Structure formats: structure tokens, C-alpha cells
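# Chain and residue survey
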Protein chains: 4
Amino acid sequence: MILVLKENVTEQQVSSFAKQFEAQGLVCHVSTGTQTTIMGLVGDTSKIDIDDVRANPLVADVKRVTEPYKAANRKFHPADTVVSFAGVKIGGPYFAVMAGPCSVETETQIIGVAESVKRSGATVLRGGAFKPRTSPYAFQGLHSEGLRLLSLAKAATGLPIVTEIMNPAHLDLFDDVDVIQVGARNMQNFELLKELGHCKKPILLKRGLANTIEEFLMSAEYIMAGGNNQVILCERGIRTYETFTRNTLDLSAVPILKHLSHLPVIVDPSHATGIPWLVEPLSKAAIAAGADGLMIEVHNDPPHALSDGAQSLTPEQFDAVMHSVKRQLEFEGRNMVCTLKN
Amino acid sequence: MILVLKENVTEQQVSSFAKQFEAQGLVCHVSTGTQTTIMGLVGDTSKIDIDDVRANPLVADVKRVTEPYKAANRKFHPADTVVSFAGVKIGGPYFAVMAGPCSVETETQIIGVAESVKRSGATVLRGGAFKPRTSPYAFQGLHSEGLRLLSLAKAATGLPIVTEIMNPAHLDLFDDVDVIQVGARNMQNFELLKELGHCKKPILLKRGLANTIEEFLMSAEYIMAGGNNQVILCERGIRTYETFTRNTLDLSAVPILKHLSHLPVIVDPSHATGIPWLVEPLSKAAIAAGADGLMIEVHNDPPHALSDGAQSLTPEQFDAVMHSVKRQLEFEGRNMVCTLKN
Amino acid sequence: MILVLKENVTEQQVSSFAKQFEAQGLVCHVSTGTQTTIMGLVGDTSKIDIDDVRANPLVADVKRVTEPYKAANRKFHPADTVVSFAGVKIGGPYFAVMAGPCSVETETQIIGVAESVKRSGATVLRGGAFKPRTSPYAFQGLHSEGLRLLSLAKAATGLPIVTEIMNPAHLDLFDDVDVIQVGARNMQNFELLKELGHCKKPILLKRGLANTIEEFLMSAEYIMAGGNNQVILCERGIRTYETFTRNTLDLSAVPILKHLSHLPVIVDPSHATGIPWLVEPLSKAAIAAGADGLMIEVHNDPPHALSDGAQSLTPEQFDAVMHSVKRQLEFEGRNMVCTLKN
Amino acid sequence: MILVLKENVTEQQVSSFAKQFEAQGLVCHVSTGTQTTIMGLVGDTSKIDIDDVRANPLVADVKRVTEPYKAANRKFHPADTVVSFAGVKIGGPYFAVMAGPCSVETETQIIGVAESVKRSGATVLRGGAFKPRTSPYAFQGLHSEGLRLLSLAKAATGLPIVTEIMNPAHLDLFDDVDVIQVGARNMQNFELLKELGHCKKPILLKRGLANTIEEFLMSAEYIMAGGNNQVILCERGIRTYETFTRNTLDLSAVPILKHLSHLPVIVDPSHATGIPWLVEPLSKAAIAAGADGLMIEVHNDPPHALSDGAQSLTPEQFDAVMHSVKRQLEFEGRNMVCTLKN
């Protein structure tokens, strides 16, 4: 950590300031120029809050040299993490496609979609039981009944399931869920992240609408700091001034996250854009950029979907996308593994 | 709600589509042009999710004519809401200043700051016991011990207290708290909002870092839909490309929120900018723009603050700001009322 | 164009308002609901400024149904435009790679880089003679001398050249230039665009840092309205809150621009990110998303580059990227054609 | 300037790197830690392009300690600059209100508006003759005829005039113009800025839609580097994700610009928001934040304005705003001076 001190600090102030850091086990290098004094802190600075340092009236500016995340940092864990669940692997050479409706609606719907996306090659079934909706008057999901229907679809097809949690108090209901999803709006719901750090299931963490890559990794760090290293990162678009798409998919985030971290990274082109005809080109682009998986919305009857039908593909459209995805994965030498239970 | 249909829809499709809406009690006006057919829905459209309508393959575009929020809407509640608690009023002619440290640290600190901000004219004491921090390794607040210290400061000074909640499970601990704050990162933590809708205390709802004014009002609506109408809105800066300030304070939001809604609106210049010398000019600007209150960070020893000291004022600096604030309030004809208990 | 009128308009106001539009040759459909009156305008609305309509005190909201761009619109020109110059084609099945230094510095440098990028497979040489720099004290380019050196490099290698213009008054100097580039900061320098509309050379138009896709197409329309249809669009990153990369590359813009327009679309991953190791994954992603070309910065000695060396590849790094690009183009069935003159 | 070097640099590399800077007259302090080496450059670093330094493969990160602007920097020019023209002063204690239509349309219109805004207390007449429009098919302004009509209005009322230039080639036409405006879209049209640096008239420089405060000051520096110190800065809203207003007015920029620079700063609430009823509260807020002036759109017949009528006030509405503005200026102890010629 590098501190630029203010112009008029005295030698005594600097030395007493340095002692504060040395008391915390850090080594402190001071370099005095004609205009500015620079202080370099060496050691484990992860516990130092950069804003607290900035608060000191002696300090003009502060800069971290080392990343504030440790468990998620590739520097300390060079090999790719491979997350495994129910016969599916994701990360390293393994690629996964998670597909299904935004909301679970009926038994017929979810089993129908599950069978159809399985036929097209998806390896995980997605579907929302708890739905974060902007309006309190909109459909909020089937809750525990939705989770029950997902289990039926899992039993029927052997596809593992991923679904969103919104409240730590609901964790008991997620027993049969294979991957627990944290939605974009809850990326910095730190109470939820801490709770999931103590759980044994893989967590799919979606990037917040206005969160930086560093904040995203710090939220993964919250989960990992609790002992759960099975975190899958998901880029799903960020909020910008552009209004043509619902959000702006930040595909640069894929190679950056994979450079900074060993965790698998997937892309959700459906939520990122809200436009069905963008799913195929952006799925291909995500694979080319190095993504480890895709999450795609598929609904058997998009016009009558109870939520977010606008961005859903029909099973036929999804099949066409998967044709293209599989060709591209072969070209890239990526594998999809899924040892289905039935 | 206005629907622009796609170019090639048939008359039969339009009429069957219209019937779906009529079945929900809406009146449906169809206007057919040479290129486009337009459908206008009249009635209570608040339960219709605009994205679901957009999903219909017949629909090219949709536009809401009436706002999707009802309880928070000034159209249905023209008079300003005045939120009252512990002798303080906010909204309508009443203005309130909430001041105190980012984090509660020690009994001496919080009572010291409380006495000092009271002397300068603050009417509410703020202080964090549960702190949302980007890093899991940073100080997370004193939790229930922090709430206990806040109660001591309240007893010592008579100032009502406002403090942040991060988990619905903690609600029982907030018995002696006068106003419960929902932080920016939890503005769309809908599970928390729903829980607070059933509580009897005023809620201070902060705008999310990347949330629109409409989303902000919809989150207030979540609380109000549960029966709690005592919501105070707080503009605290939004995330933009500008890096000089921590966030960009959106002061236009103040007159807009007051135009669209009857709820009181306050401004937090400390978190919005992260720069102490901006607090005075932006506090004055907030009052001039019509704000009903201010939330300002004050710490007796900013350089040693355990969190967010960077943006805190010293008690002396706060006193100078309050001198200016009180002069401005007098000019604007706004009142601060606070019937302190001791 | 659809106009939502205010709640309390009278029938007479509506009919007199409608007459204004009918006088301009438009057909006007009026639909009166219980709360709102909707007016639909049919005909050529491209001359109507949407803000002017919004200004009318009768109007609550306006919405365009048809795009405001015509020459650039794929609806009126379904086939892909192929831009041709000096043996190179771009658009439709043809792909082009433009590579070279940010700034032209010396004869040795530009000829050296030109020979090296040609060997690696680039089909166009890029290099800046007029440089838009944030600081007036930074190197501003070699100006006409830079253009002379580019001509030498073109003569030596046969590669056509693309270089930026900043002032319509300089147009005479660009005689030997094959493609004239308009930089991101000048995307809405309408005086420059108009001038280039009268010129016979292909124009490479870069998207502005904060411009929407529609504004981007409207700027292309400025050039095309003057009679020059040879416009190449270039996505080069937009400004967002994320600070890890210099800008956020908006790859969704590629399939969207190709959907809305027939013009060729290329991607500049160097300027978009400012990070050399992101050029390869994002070049691959751009091709997968459907881009018609790439613009990549290559410098023989990045550390001593006079401008923007940070993002430049060395010739060796570029060669590795081109290896990967050519493999990907083959997979996608795209061709690079370049009938070099020598 | 502070350079953080990469982890594995050798002593020899550091010393040879330091020599490069010493050759440019800078003093170079090196501080070697266990993990990182830090280099501090002292002296005039304004000619060093930070991106060029970042490009060096030895460099991990760079940070400026001193601002890159000099002429505009308050550090080197502590007193407020007062810009004077035609009996009007702006800056320091002096406040100015510039009002008028977006576009000059007819003699009757511009003289009518000029007389009316003068009666209400405006001290400068604004009006566009060259209009930057997103669409090539929209009204582009009356050009030299518009300038002629502005002169007539100036002669009739004595109000000095401010109007926008879009092309350096038009400068000769601006003889009778008192203040030349550079629009937001041309803030980084460096060729135009350089030209205006050689001219003797005050320049009103508007902040670009996506430009940082530092970039804004660097554009002022371009003008000042040419010898013209009469620059007025204008905050007019930045582009964010919020869609309720046309742009997001960044009022924090006012006290920040006045802190960093000695130049006068004005605010344009009309263009920032596009909503007439926001002009009054935001004008008041701008004054409270320390602005030195306002620019407000007034049109005698907003519904029939040829451009941007949506945000224009009627003369009656403007009169009400001015009533409030004058009261606020008196409260703040600011003066409006205008020695009208007739």
C-alpha cells in the first residue's frame, strides 16, 4: 500500500504515523521528495481499510499495490478451480450450460422445459422459485412449491438444479438444490453471503448491476472466507447509459476475472441483454472470450411466461443456439461433462 | 399502458390478444394505422408486469402511461407526508438533521459525538452498529453492543437514533431504535423491505448506487404495501464514470421525488462525495433544491475512525456547517422541531 | 410516431394539433381513452424532431416507432454493404485487420511496423498523424509529416492506410490516405461529418465514449446524407463506472449494429481496454459476435512509444494474436482479401 | 508522479529507467521494498503523458500527485478570475444570468425574447445560430442569418450575446458576438479549442456528456495554453443510467471546479434536465453550491420552437424563476452587474 502524504507534513508527524502501521506488523518505507513524502507499507495489508487510511489528515492519497482478496486470488492458487456437483463439472477444461425458465410455474412447464433443454444438451436446469421483482405487485415466485417442482424435474431428467435464494432464513428449503444462486441485487447482501460461506453447496454469484470487478471478487471472498470455496462467478451485464439492451454485457470481465482469480466464470446473455436474438452471438462471444459456462433462459411458451418472458428462447430457438455452442466448444477444445443419474 | 404491435399482426391475433386483457378487467382501445397497430389499456395496470407484455411475440414495444407505484404516488395522496418520531418531525414544513459517526465504536465516542452534534443543532443521532463493508476482513460493526451504546447516547442526550439493519432476523434488536435505515446496497433486498413493511417504525430508505428514481419509489412501495407508510427517502449519490467524488450526488432527484411522491426526501452529502469540504456547499444546495433533511457524518477523531473516517467532519467543522444550514433554513422558511426528552 | 397526450386536453385542441401534422403530409390516428388520448402519426416522420413534439404543452410523452436513420437502415437496404479500397474488402463475407502504432513517429518505425504487421497477416496499416490528446502539453502527432511517412510505408508494403482527421480544413492533406478515421471524441463533430459526406473515400467512424447505438447510426447518417455511403462503424468501448479497463467494450453493439444497419462493423480491443493481454480473447470474441474486422495497436517498441504505448502489442504478440484470429476466421468461414499492389 | 514498478525489476533496470527521467530535468526518488519498488518523480511532470509511462513494461501503476493543468489551476492563480465583456462581469462576487431561446428563429422572436428576459433581469442573451443536432434531417440553425438577428437583438436591448461555434472556419462570422460558446459535444474538439486559444473573446466551455472534471479543466487548459485566459466553465449535466432527466446535473462539480480552478463556473439546468419545472429548484441549488451564473432557455412560444422547446420556459415562467434567483443572490451576497449600452 502506498500513501502520498500532504505537502506540509512534519518529519515528526511522519514518524509517529509510521509507528502506527509498524505496530500492526507492517514494514514502512518513507521516501521524502521536495514536494511530497511517500510512504510504502509492506506486509499483510488486507485488514487495512483503504478509506480509513485516506481519512488521516496527513494523507493526500492512497493506493493498494496488492489485491484485497486472498482466497479468490489466482496469485495464491494458480490452478483453475473446478466446481463439481451431481456429475457436472465447471471450470478448467469443463464447460456447463444452465438453461430453463426465469420462473418455475407448473409441474408440466418445468418438467417439459427440463426435458427439452436436456435433449438440446444443457447440463443444468435453472428456474426461479423466489423471484426478486421491482414491483411488490408483480408475481413473486412459487416459493417452496417452486422448489418442490424443481425437484420433480430433477428426478424426471437427472439434471442438477440451480435456483436463487433471497433470504438466509430460507436455506433449509434448499436441501435438494445443487447450486444456490445469489442474484445481482443481492451481490452485496453481506449477511446472505456470510451465511452461504458456511454452507456446503456450490454458490453461483451474479455480478451486481453497478459493481466493479474488484467488488465482485470481494463478494466471492465473503463466501470463501466462511470456508466455502465452491463459487462460480456470473457476468450478467452492468448498468450503463445505453438503453437498447437491458444492461451492457461486459465480456472483458471474463478474461479479467479468469486472470485475477481461479474461480470458474459463466455468462448470462439472456438477462444481460433482454433480447432473444442476441443470445446466440453473445454465447459464442462468451466462449471465445474464455467463459466456463452459460446461463440461458428458455421457456416453452414465452408469451405467457409469468416473468421475464421477453428474453426467453423457445425450446426450438435454444436448440439452434446449442447447435452453435457445441460446435464452438469443440473448436475451442472444451468439454461438457454430465453424468446424469437417469 | 400503450402497446405498439408488430407490423404483420392479423386482425384476429389482435382481437384475441385484447380479450386476454379484457379478462383482467381492463378496457382495450385498438387503433390501426397503415404500418402499426396501437393498443391502449385503460384501468388498473399496476399488476401487469411490463416485461411480460413485452414478451408477447405480437408486441414491438410497450409504454406505461401511469406510474407503477400507488401508495408512494403523490397523485393519490397530494399532501406531504410528515414522519414523526420521538418529538422530531420530517416532511412538509419540517426539516431534520441526522448526524453522527459512520460506526459506533465506544461509549465515550458515541456519547461525545451525540452531545456535540446536539449542541450544534442536529435533531437525530446516526451511527452504524451493523456495517456493510466491501471486504470481509474489514471492521463489521459492534452489532448488538453497538445498538446498546446508541441507546446510552440516546438516554444521555435525548436525541432519537437512526441506524442500519442488514438482516430481517436482527429486527428484535432494534426495539430502542427510532428510525431503521436500509442501506444503498440493500435497496432491492426485497425480503428485508417486506419485513420492514410489517414493522411500526419509520424507515429511512437509501437510494441504491445504480437505481433509477422509479426503482427507488418501487422499493418504498414494497414497504408501504406491507402497511408501513412512514418512509423517508434518502438520495446519497449514484455511480457514474466520474472518479473525483466517490459517487455523483443527484440533486435533481430531490425535486423529482417530491413531485412524484408525498414522502419526505433527505440528502446525505457525506456518503455521496466522500469529501469533507463538499458537505457545506452541497448541504446548502440540497436545502435550496427542496430537501426535507440532511444526514451528515461527524466523528470526534476522523483520522482514527474505524470506518469511513475520510468523509467525516470534526465536531468543529460540523458546527460551521450547521451555522450555514440554519441560516439557509431560516431563509427558506423551514423549521426544525425536536422536543427532546431531557 | 406515437404521442400520448396530457389528461385534460380538449377535443378541439386535439383536432387542431392533428391538423399541424396533416399539413406536413402525415396521417394522424387519434384514439381516445378514459384517461389518455393517444395520437399515432403515420408517414415520413424523419424530419420531425422528437424533442420539438415533446415540447408541446399538450404532449405527455412521445415514442418513435420507426428509426430516425434511413440511409444506414437495413430495412431499406437489406444486403450487407461491402466497403472496398486498394484491394481490400470489408463487410459481408470479408474481414479486415487494421494494425499499426497509435502515432506515426519515424520512417524507420512506421515502415518497420508496417512490414511486420503485413507479415503477420494484417491487411490495412493504421497510424496516427493528428492525435487528439487530453493535454495540450502532450505530443500531438507529426501532422503532415506523419502523413508523408504513412505514404512511404504504404509504398514500401502495399498496405492501404487508415488515419484520423481532426479538422475539415486538413482534408487536402489526406489524398494518399485510403480510409479516413473519425475519432470517438469527434463522433458528434457534425461539421466534420458533413464535410466527409462530400468526400469520395471510405470513412471509419468510431463510436463516441458515451454515445448510444442510435446516435452512432445517426452520425453515420450525417456522412451518408452527404452522398458518401462507404462508412465503416467501429466499436471501441464506452465509458462506464468500471475502472479496471480504460473503457468497457460493448460487444453486444456488434450484432445489434449489424441487425439495424447494413454497414460493416469492426472492433478496436486495444483502445477499448488499454490492456495488451485482453486483445487476444476480445478479438476472438469480436469475431464470434459477428464483427467484420479488427483494429489493433502494434508498436515495435511499446515502452518508448510517444503515445498510448500502454495498450500496444509488440510485433511478436501481434503475430500470436493473428495466429489465433486466422484460425477463428477459418472456423467462421470469413475471408480476408487484400490484393497488395506490391 | 509516483511509479509503482513491477515485482521482478532488477536494480540495473531501475537505475537506467531513472536516468530517462533525469534527462528530462526531473529528480527521481527510488524506494525499494521487499515486494515493490516505488519511484517518485519531482519537477515539472506536465509534459509527461501518464499513459506513456504506464506503457513501460517495468511499470505496474502510475499516479499523478500534481494536477496536469497549470494555467487553469488555482494553486498557481489563487484569486478568482473575473471575466468581463460589454459591461457584464462574471466570477468572484459577480453573477450573470444568460437567457434566451435554444435556436434563433426570426427577428421578432429573438428581439421579443431578448426584451422579455432583460425585463426579468437577465444580463446576457443566449441563442443558437449553429445548432448541433443528432439528426442530419433536423433544423440545423439559421447560421450567419442567425448571427445577424442576434446582433439586431443586441442593438435593440444592449444585452451582450453568447452563441455556439461549431467550426473554426466560422470564426470570422463571430465578430459581434461577446462570448463564444463551445458545446458539450465539442469539448474535446481540440482543433477548435486551439483556434479559440488565439482569439480575444471570452469562451464559454460546456462540459462534455461523459467527461471527467479533470478532462474538463484540461480542455480549458487547451484554450488558455493559446493565450486566452477568459474561460467560463459550464456544468450542463452528464450522461448516466438515469432516464427520468435528459442528463444528470452534477452539482458537486461546481464547488469542486471552484476549488481546483480560479475560473468562473456557471450551470445550465435547462439542458441538464430537459424539464422546465426543474429549472427553478436547480437554479437555486446551483447558487447555493457557489455557481457564478446560470444559463436558462426561454422561448416566447415553446410548443412551436424549432429545437429543444421541451425544456424552455415561457417568459412568464422565467420571470418567476428570476424572482426567486434574485432573492437567493441577495441572500448569498452576490451581485449582478450589467452596464447596458442603452
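To start, this report covers the structure provided alongside it. (Residues numbered from 1 in each chain as written. Chains lettered and ligands numbered in written order. Predicted model: local features only at pLDDT ≥ 70, side-chain atom pairs only at ≥ 80, totals over all residues. Heavy atoms only, no water.)

Along chain A, the regular secondary structure elements total ten helices and 14 strands. By principal-axis analysis of the C-alpha atoms, chain A measures approximately 75 × 45 × 40 Å. Counted over contacts in chain A with a minimum sequence separation of 6, partners at least 24 positions apart contribute 68%. In the form shown here, chain A has an accessible surface area of approximately 11,200 Å², with 50% of it arising from carbon and sulfur atoms. The positive charge centre, built from 32 side chains, and the negative charge centre, built from 37, are 2 Å apart in chain A. (Helix = DSSP H or I, 4+ residues; strand = E, 2+ residues; numbered from the N terminus. Contact = heavy atoms within 4.5 Å. Areas by Shrake-Rupley, 256 points an atom, 1.4 Å probe, with all protein chains shown as cover. Lys, Arg positive; Asp, Glu negative; His and termini not counted. Charge placed at Lys NZ, Arg CZ, Asp CG, Glu CD.)

Turning our eyes to something else, we now look at the relation of the copies chain D and chain A. For the pair chain D and chain A, the relating rotation is 180 degrees, the translation along its axis is 0.0 Å, and the fit reaches an RMSD of 0.1 Å. Both chain copies can therefore be described as sitting about a two-fold axis. Looking at the rotation axis and the C-alpha trace of chain D, the residue lying nearest is Y241 of chain D, at 2.1 Å. Residue by residue, 96% of the interface of chain D is reproduced at the interface of chain A, so both copies engage with the same surface. (Least-squares fit on C-alpha atoms with pLDDT ≥ 70 in both.)

Bringing the pairing of strand β10 (residues 179–182) of chain C into the picture now. Residue and element names in this part refer to chain C. The alternating pattern of β10 places V179 and Q181 and I180 and V182 on opposite faces, both of which are buried. Relative to strand β11 (residues 203–206), β10 runs parallel, the two being bridged by three bridges. Within β11, the position partnered with Q181 by the bridge is L204. Where the polypeptide runs from β10 across helix α5 (residues 190–197) and back to β11, its parallel neighbour, the crossover connection is right-handed. (Buried < 20%, exposed > 50% of the residue type's maximum accessible area, 1.4 Å probe, protein only. Pairing = 2+ DSSP bridges. Right-handed = clockwise from strand over helix to strand, strands pointing away.)

The next point concerns the state of the cysteines. For the structure on display, the rule yields zero disulfides over all chains. Free of any disulfide, C234 of chain B has its nearest cysteine sulfur in C102 of chain B, 13 Å distant. (Disulfide = S-S within 2.5 Å.)

Bringing unusual backbone geometry into the picture now. Phi at A86 of chain B is positive, roughly 50 degrees, even though this residue is not glycine. Turning to its location among the elements, A86 of chain B is positioned in the loop between β5 (83–85) and β6 (88–90).

This brings us to the interface of chain A and chain B. Taken residue by residue, the interface counts 50 residues in chain A and 50 residues in chain B. Taking both sides of the interface into account, the surface hidden between chain A and chain B amounts to around 4,200 Å²; carbon and sulfur atoms contribute 51%. Viewed at the interface, chain B and chain A are joined by two salt bridges. The tally of links between chain A and chain B comes to 18 residue pairs in polar contact (both at pLDDT 80 or more). Elements with a contribution of two residues or more to the side of chain A that touches chain B: α2 (50–55), α5 (190–197) and α6 (213–225) of chain A. Sorting elements by how many residues they give to the side of chain A that touches chain B places α6 of chain A first, with five residues. (Buried area = accessible area lost by both parts, 1.4 Å probe. Salt bridge = Lys/Arg side-chain N within 4 Å of Asp/Glu carboxyl O. Polar contact = N/O pair within 3.5 Å; in protein donor to acceptor, adjacent residues only side chain to side chain.)

Okay, the interface of chain D and chain A next. Taken together, the contact between chain D and chain A spans 23 residues of the former and 22 residues of the latter. Both faces combined, the contact of chain D with chain A buries some 1,700 Å², and carbon together with sulfur accounts for 70% of it. Taken together, the connections running from chain D to chain A amount to zero salt bridges. Scanning the region where chain D abuts chain A turns up zero residue pairs in polar contact (both at pLDDT 80 or more). Of all the elements in the fold, those that place two or more residues in the side of chain D that touches chain A are β1 (2–5), β2 (27–32), β3 (37–42) and β4 (59–63) of chain D.

Take the relation of the copies chain A and chain B next. Superposing chain A onto chain B requires a rotation of 180 degrees together with a translation of 0.0 Å along the rotation axis, leaving an RMSD of 0.0 Å. Comparing contact sets, 100% of the residues at the interface of chain A also lie at the interface in chain B, consistent with an isologous, same-surface contact.

Attention shifts here to the sheet that holds strand β3 (residues 37–42) of chain C. Residue and element names in this part refer to chain C. In space, the four strands of this open sheet follow the order β2-β3-β1-β4, with antiparallel pairing throughout. Each having just a single partner strand, β2 (27–32) and β4 (59–63) make up the two edges of the open sheet. With direction set aside, neighbouring strand axes in the sheet form an average angle of 20 degrees. Bridge analysis of β2 against β3 gives six bridges, and the strand direction is antiparallel. When the sheet's bridge partners are listed, V30 is paired in β3 with M39. The sheet strands contacting helix α1 (residues 11–22) are β1 (2–5), β2, β3 and β4, and the helix crosses β3 at an angle near 10 degrees. (Axes fitted to C-alpha atoms, helices over the stretch in contact; angles between N-to-C directions.)

All right, on to the packing of aromatic side chains then. Counted according to the given criterion, the structure contains 14 aromatic pairs over all chains. Both rings, one in F331 of chain A and one in F331 of chain C, keep their centres 4.3 Å apart while their planes meet at 15 degrees; by these two values the pair is stacked. One end of the pair, F331 of chain A, is in helix α10 (residues 315–332); the other, F331 of chain C, is in helix α10 (residues 315–332), on a second chain. F331 of chain C gets classed as buried once you look at its relative accessible area, which sits at 15%. Relative to F174 of chain D, the ring of F130 of chain D has its centre 6.1 Å away and its plane inclined at 20 degrees; by these criteria the two rings are stacked. (Phe/Tyr/Trp six-rings, centres within 6.5 Å; stacked < 30°, edge-to-face > 60°.)

What follows is about the sheet that holds strand β12 (residues 231–235) of chain A. Residue and element names in this part refer to chain A. Around the barrel, which closes on itself, the eight strands sit in the order β7-β8-β9-β10-β11-β12-β13-β14 with parallel pairing between neighbours. Averaged over all adjacent pairs, the angle separating strand axes in this sheet is 30 degrees, with direction ignored. Of the strand pairs in this sheet, β12 and strand β13 (residues 265–267) are connected by three bridges, and their pairing is parallel. When the bridges of β13 are listed, E235 appears paired with V267. In the packing of helix α4 (residues 144–157) onto the sheet, contacts are made with β8 (124–126) and β9 (161–165), and the angle to β9 comes to roughly 170 degrees.

Moving on, we get to the packing of α5 of chain A against α6 of chain A. Residue and element names in this part refer to chain A. Relative to each other, α5 and α6 sit at 40 degrees, their axes nearing to 6 Å. As the angle between them shows, α5 and α6 are arranged oblique. Every residue of α6 that contacts α5 at F190, L193, K194, L196 and G197 is listed here: S219, Y222 and I223. (Parallel < 35°, antiparallel > 145°, perpendicular 65-115°, else oblique.)

This paragraph deals with the pattern of salt bridges. Applying the stated criterion across every chain yields a total of 53 salt bridges over all chains. Among the ionic pairs, D292 of chain C bridges to K258 of chain C, the shortest N-O distance being 2.6 Å. One end of the pair, D292 of chain C, is in the loop between α9 (279–288) and β14 (293–297); the other, K258 of chain C, is in helix α7 (residues 253–260), and 34 residues separate them in sequence. Linked through salt bridges whose partners overlap, the residues forming this network are R207, E235 and D250 of chain A together with E242 of chain C.

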